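# Topology and contacts: notes
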Amino acid sequence: MAKEKKNKIPEPVPEIDDTATGTAADVEEVMKKYDRESNTRVWEGIPQRVIRYLAAAFSLYCIWVTLFSTMMPEEKLNIFLGLILILGYLHYPIKKSHVRVNHMPWYDIVIMIAGAAPFFYFAANATSIIALATRVTSDPKMVVMAVVSILAYMELCRRCVGIPILCVVGALMVYAFSSVRFGKVIYDLFYTTTGMMNTPINVCSKYIVVFIIFGAFLERTGISQFFINLANALVGRFAGGPAKVAVISSALCGMVSGSSVGNTVTTGSVTIPMMKKTGYKGEFAGAVEAAASTGGQIMPPIMGAAAFLMAEYMGVPYGQVALKAILPAVLYFLGIFIVVHLEAKKLGLRGIPKEELPKIGKLLPRIYLLAPLVVLVWLVATNTHTMQFSASVAIGITILVGLVNNVITMVTKSEDKSDNISFQKGIDALEAGAKSAITVAVACAMAGLVAGCITSTGLASKLITAVVTISGGRALIALFLTMLCCIVLGMGVPTTANYCIMASTCAPILMSDAIGIPAVAAHFFVFYFGIVADITPPVALAAYAGSAIAKAPPMKTALNATKLAIAAFVVPYIFALNPAMLFVDTTALQVVQVIITSILGISMLGIGLEGYLRGSLPWPLRIISLAGGLFLVYPGTLSDVVGLAVLALIFVFQLVRSRKGSAAPA
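Along each chain, numbering runs from 1 in the same order as the chain's sequence is written. Given that this is a predicted model, residues contribute local features only at a pLDDT of at least 70 and side-chain atom pairs are listed and counted only at 80 or more, while totals for whole chains, interfaces and linings are drawn from all residues. As a convention, hydrogens and water are excluded, and side-chain values are obtained from all of the structure's heavy atoms.

### Overview of the overall build of the chain
- Going along the chain from the N terminus, every DSSP run of H or I of four or more residues is numbered as a helix, and every run of E of two or more is numbered as a strand. What the chain contains, in helices and strands, is 31 helices and 0 strands.
- A fraction of 78% describes how many contacts in the chain between residues 6 or more apart in sequence connect residues 24 or more apart. Residues count as neighbours in contact if any of their non-hydrogen atoms are within 4.5 Å of one another.

See the structure below:
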């Protein structure tokens, strides 16, 4: 027996298919596990059509209100909040295990009606309620109505946004009720514009929803596929071409999408299989797509809808916010692009065969797909109309583009009608816009509660004192603490919500006299670190979506994505400590200097991370390269000279090694 056991032939190990990719079902399964927005009710038949048209009607109502309504803010915002609450409970169950076809429990119906009714009552009686001022809370009925609505929104937040932001809101409310009279807190949170009707929900109802609808319409004209084809034509033939295609196409699609996860799924279904086929590992392919798709939210002009909130919080025109965001966004994508290029060189990967690439000549006739974006940017840049009017015009142009697709399909007798516009596609876009608006609006309402609690209790000054004490007044330590808060709060939370919370709590701390960070830099800082939470373990939703498509380990994918997005962890510190990168208090010559040295610095960071430049790079040189990159990225003549010297040293060293044959050839 022992002899037989010794001579037993081992079973063959099953081969791993490195080219296998996940299906839409795989992505949906992963998202249902980690992403609350993916856990929705299942409606079919007549109920599905009723809710579909209700959502479409909500989108049309939002467009009409932003363009033509003369209602008071209290009327508009309360109607908006009431409708969002109804849509939210129609779409999100109490927990993912409670999803049954065409089923909504009686208690959800009760919560939905009881929570929404006070908003509509307030809107119908706004004038008299405003006239009562603080006396409104002397009526027990008015207090109960406010409490029920706030609790209904907090429960909806738990269902569709997540626990972290709810913990912050709950802790602040407990503190507020223990510090200030109960009636005063309820009045501030529900009956004034310092609470739920604060800046976030006002901006959401006024700008964000219309731009979300615009993005939904734009996606149905085929612009995403156009961006992918364009990126293929530009860089697909170079080393590791598919990864570079993923970076460029995700940057372009991200301008429209405004969702890290949505962008990852849309472009990743095309680019990730291409990357794996070329030779990239699954976890690297998924990470490239996740990091690039997450960066789409910092790409002007839309920037994941948070740009409009930033403009309101900072009191500057939206055009200035978009302009200041350009260089940091370019550096972010450049950092990813350089790493994937070096990885391709290190692995000896080739590009896509020329015969398989789309021809630029065939893409040019479809350049009209960019018309909506061009018109939007022009209207915004010239400041000739309001933001909401510009977005509405862009929606109209998008519909015209869809009609052009219809005509071309008819003339060419093409069987591919996927990009054509139709009545049903219009309803689809309106419905998608409304569904996407739910989580953003709920998050903005929670941000309003946070701001209301801080205002009622005067907590802002205490927070500033606490952070200044912990950091000893040192800006770097204060920035580090803020970064941790943003990443923790951003885990599984929409970027807009995370930014609203941090703009209300941490940005004022950074802007205080003791810390001294300029307002623009402080708001950009919290915005950036709210975004990277989508690719930072342990809850990295965009990375998990990429891993599902790539059939790769989620945590490995998230760690690779974090490494690829190194620029997002470095650049915010740089512009916070020296805002010249955001074109604040600088000259044209300094801007040129900042651009050149920042590009070189990001390149050196990529070289240090990958450990490759014309051959493998020894560990001491990798560390020196990382240090030199930081010197170059930091604006300043002395730091630039040091960084350039390090760059020259490393390049000469590698050049000599390659000529002696001691390093692998490129």
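What follows picks up the thread again.
### Structural notes on the environment of Lys 206
- With respect to the helices and strands, the residue Lys 206 is situated in helix α10 (residues 199-219).
- Along the primary structure Lys 206 and Cys 62 are separated by 144 residues, whereas in three dimensions their C-alpha atoms are 7.9 Å apart.
- Apart from residues lying up to four places away in sequence, Lys 206 is in contact with Thr 66 and Gln 388.

### Side note on the confidence of the model for the chain
- One confidence number per residue, pLDDT, is output by the predictor and ranges from 0 to 100. Across the chain, the average pLDDT comes to 82, with 90% of residues at 70 or higher.
- Predicted confidence for residues 1-16 stays below pLDDT 50, and this span has 0 contacts to residues more than four positions away or in other chains.

### Section: the packing of helix α13 (residues 260-278) against helix α14 (residues 282-295)
- Throughout, an axis means a line fitted to C-alpha atoms (over the contacting stretch in the case of helices), and angles, computed between N-to-C directions, take values from 0 to 180 degrees. Their axes nearest at 9 Å, the elements α13 and α14 cross at an angle of 145°. Considering only the axes of α13 and α14, their crossing is right-handed. Contact residues: α13 offers Ser 260, Asn 263, Thr 264, Thr 267, Gly 268, Thr 271, Ile 272, Met 275 and Lys 276, while α14 offers Gly 282, Ala 285, Gly 286, Val 288, Glu 289, Ala 290, Ser 293 and Thr 294.
- When residues are grouped by polarity, Ala, Val, Leu, Ile, Met, Phe, Trp, Tyr, Cys and Pro land in nonpolar, Asp, Glu, Lys and Arg in charged, and all others, Gly among them, in polar. The class makeup of the residues in the contact of α13 with α14 is 5 nonpolar, 10 polar and 2 charged. Crossing chirality is assigned from the near helix's rotation relative to the far helix, an anticlockwise turn below a right angle marking it left-handed and a clockwise turn marking it right-handed.

### Structural notes on helix α23 (residues 475-489)
- Helix span is expected to be 1.5 Å times the residue number reduced by one. Helix length check: α23, at 15 residues, gives a terminal C-alpha distance of 21 Å against a target of 21 Å (1.5 Å per residue), a fit within 8%.
- The buried label applies to any residue whose accessible area, calculated with a 1.4 Å probe on protein chains only, is under 20% of its type's maximum; exposed applies above 50%, and partly exposed to all values in between. Along α23, the positions that sit buried rather than exposed are Ala 475, Ala 478, Leu 479, Thr 482, Met 483, Cys 486, Ile 487 and Leu 489. For α23, the buried positions fall inside an angular range of 165° around the axis, keeping them on one side. Arc, as used here, means the arc of the directions from the helix axis to the C-beta atoms.

### Points about the side chain of Asn 78
- You can see Asn 78 is positioned in helix α4 (residues 73-91).
- Not counting chain neighbours up to four residues away, the residues in contact with Asn 78 comprise Phe 119, Phe 122, Ala 123 and Met 197.

### So, unusual backbone geometry
- Phi at Asn 102 takes a positive value of approximately 55°, unusual for a residue other than glycine.
- Its relative accessible area of 35% is what places Asn 102 among the partly exposed residues.

### Remarks on the nonpolar core
- The term nonpolar core refers to a set of buried residues drawn from Ala, Val, Leu, Ile, Met, Phe, Trp, Tyr and Cys, joined through side-chain atoms within 4.5 Å. Tyr 153, Met 446 and Phe 524 are the most contacted members of the largest nonpolar core, which has 211 residues in total.
- Here this core gets 18 residues from one element, more than from any other, and that element is helix α21 (residues 423-457).
- When near neighbours in sequence (up to four residues on either side) are disregarded, Phe 524 contacts Met 303, Met 310, Val 321, Lys 324, Ala 325, Phe 575 and Leu 582.

### A word on the packing of aromatic side chains
- Aromatic pairs are defined between Phe, Tyr and Trp rings, using the six-membered ring for Trp, whenever the two ring centres lie within 6.5 Å; interplanar angles under 30 degrees are classed as stacked, those over 60 as edge-to-face, and all others as tilted. Under the counting rule described, the total for this entry stands at 19 aromatic pairs.
- Seen in terms of ring centroids, Trp 106 and Tyr 107 are 5.8 Å apart; in terms of plane orientation they differ by 80°. Their pairing is edge-to-face.
- What makes Trp 106 exposed here is its relative accessible area of 65%.
- The exposure class of Tyr 107 is partly exposed, given its relative accessible area of 26%.
- Among the aromatic residues, ring-to-ring pairing joins Phe 119, Phe 122, Tyr 153, Phe 190 and Tyr 191 into one connected group.
- Whether a charge sits over a ring comes down to the Lys NZ or Arg CZ being within 6 Å of the ring centre and within 35 degrees of the ring normal. Looking at Arg 622, its charged tip hangs above the ring of Trp 619, at a distance of 4.2 Å from the centre.

### What about the environment of Ile 517?
- Its place among the elements puts Ile 517 in the loop between α24 (495-511) and α25 (519-531).
- Between the alpha carbons of Ile 517 and Pro 579 there is a distance of 8.8 Å; along the sequence they are 62 residues apart.
- What Ile 517 contacts, discounting residues up to four positions off in sequence, is Ala 475, Leu 479, Leu 510, Met 511, Ala 522 and Ala 576.

### A look at helix α17 (residues 326-347)
- Along its 22 residues, α17 runs 32 Å from first to last C-alpha, staying within 8% of the 32 Å computed at 1.5 Å per residue.
- Once α17 ends, the next one or two residues include Gly 348, with phi positive near 70°.

### A short note on a positive patch on the surface
- Two joining distances apply to patches: 9 Å for like charges and 5 Å for nonpolar side chains (Val, Leu, Ile, Met, Phe, Trp, Tyr), and every residue must have over 30% relative accessible area and no salt bridge. Per-residue and other accessible areas were derived by the Shrake-Rupley procedure at a 1.4 Å probe size, with only the shown protein chains allowed to occlude residues. What makes a salt bridge here is a side-chain nitrogen of Lys or Arg within 4 Å of a carboxyl oxygen of Asp or Glu, nothing more. In this tally, Lys and Arg are treated as positive and Asp and Glu as negative; His is ignored, and so are the chain termini. The atom standing in for a charge is NZ when the residue is Lys, CZ when it is Arg, CG when it is Asp and CD when it is Glu. Taken together, Arg 237, Lys 354, Lys 359 and Lys 362 make up a surface patch of like positive charges.
- Looking at where Lys 359 falls in the secondary structure, it is placed in the loop between α17 and α18 (360-363).

### Let's talk about the pattern of salt bridges
- The full count for this structure, using the stated rule, is 10 salt bridges.
- Residue Arg 52 pairs with Asp 428 through a salt bridge whose shortest N-O separation is 2.5 Å. Taken together, the residues Arg 52 in helix α3 (residues 45-68) and Asp 428 in helix α21 connect sequence positions 376 residues apart.
- What makes Arg 52 buried here is its relative accessible area of 9%.
- One connected set of salt bridges, linked through shared partners, spans Arg 41, Asp 108, Glu 155, Arg 158 and Arg 159.

### Here we look at the packing of helix α26 (residues 541-550) against helix α27 (residues 554-564)
- Here α26 crosses α27 at 125°, and the two axes come no closer than 8 Å. Of the possible angle classes, the one that applies to α26 and α27 is oblique. For the crossing formed where α26 meets α27, the hand is right-handed. Contacts between α26 and α27 pair Ala 543, Tyr 544 and Ser 547 from the former with Pro 554, Met 555, Thr 557 and Ala 558 from the latter.
- Residue composition of the contact of α26 with α27, by class: 5 nonpolar, 2 polar and no charged. Angle categories: roughly parallel below 35 degrees, roughly antiparallel above 145, roughly perpendicular from 65 to 115, and oblique for all the rest.

### Re the side chain of Thr 439
- Tracing the sequence through the fold places Thr 439 in helix α21.
- Overall, Thr 439 belongs to the buried group, its relative accessible area being 2%.
- At a separation of 3.5 Å, a polar atom in the side chain of Thr 439 contacts the main-chain carbonyl oxygen of Ser 436. Whenever two N or O atoms come within 3.5 Å, that pair is a polar contact, provided that in protein one can donate a hydrogen and the other can accept it, and provided that, for residues adjacent in sequence, both atoms are side-chain atoms.

### Here we look at the state of the cysteines
- By convention in this document, the label disulfide applies to cysteine sulfur atom pairs within 2.5 Å. Under the defined criterion, the tally for this structure stands at 0 disulfides.
- Distance from the sulfur of Cys 486, which forms no disulfide, to the nearest cysteine sulfur (Cys 506) is 5.8 Å.
- Here Cys 486 falls in the buried class, since its relative accessible area comes to 0%.

### Remarks on the environment of Tyr 61
- Residue placement: Tyr 61 occurs in helix α3.
- Sequence spacing of Tyr 61 and Phe 80 is 19 residues, and the spatial spacing of their C-alpha atoms is 9.4 Å.
- Apart from residues no more than four positions distant in its own chain, Tyr 61 is found in contact with Met 71, Ile 79 and Leu 83.

### Thoughts on a nonpolar patch on the surface
- A contiguous nonpolar surface patch, about 350 Å² in accessible area, is contributed by Leu 234, Ile 360, Leu 364 and Ile 367.
- Along the chain, Ile 360 falls in helix α18.

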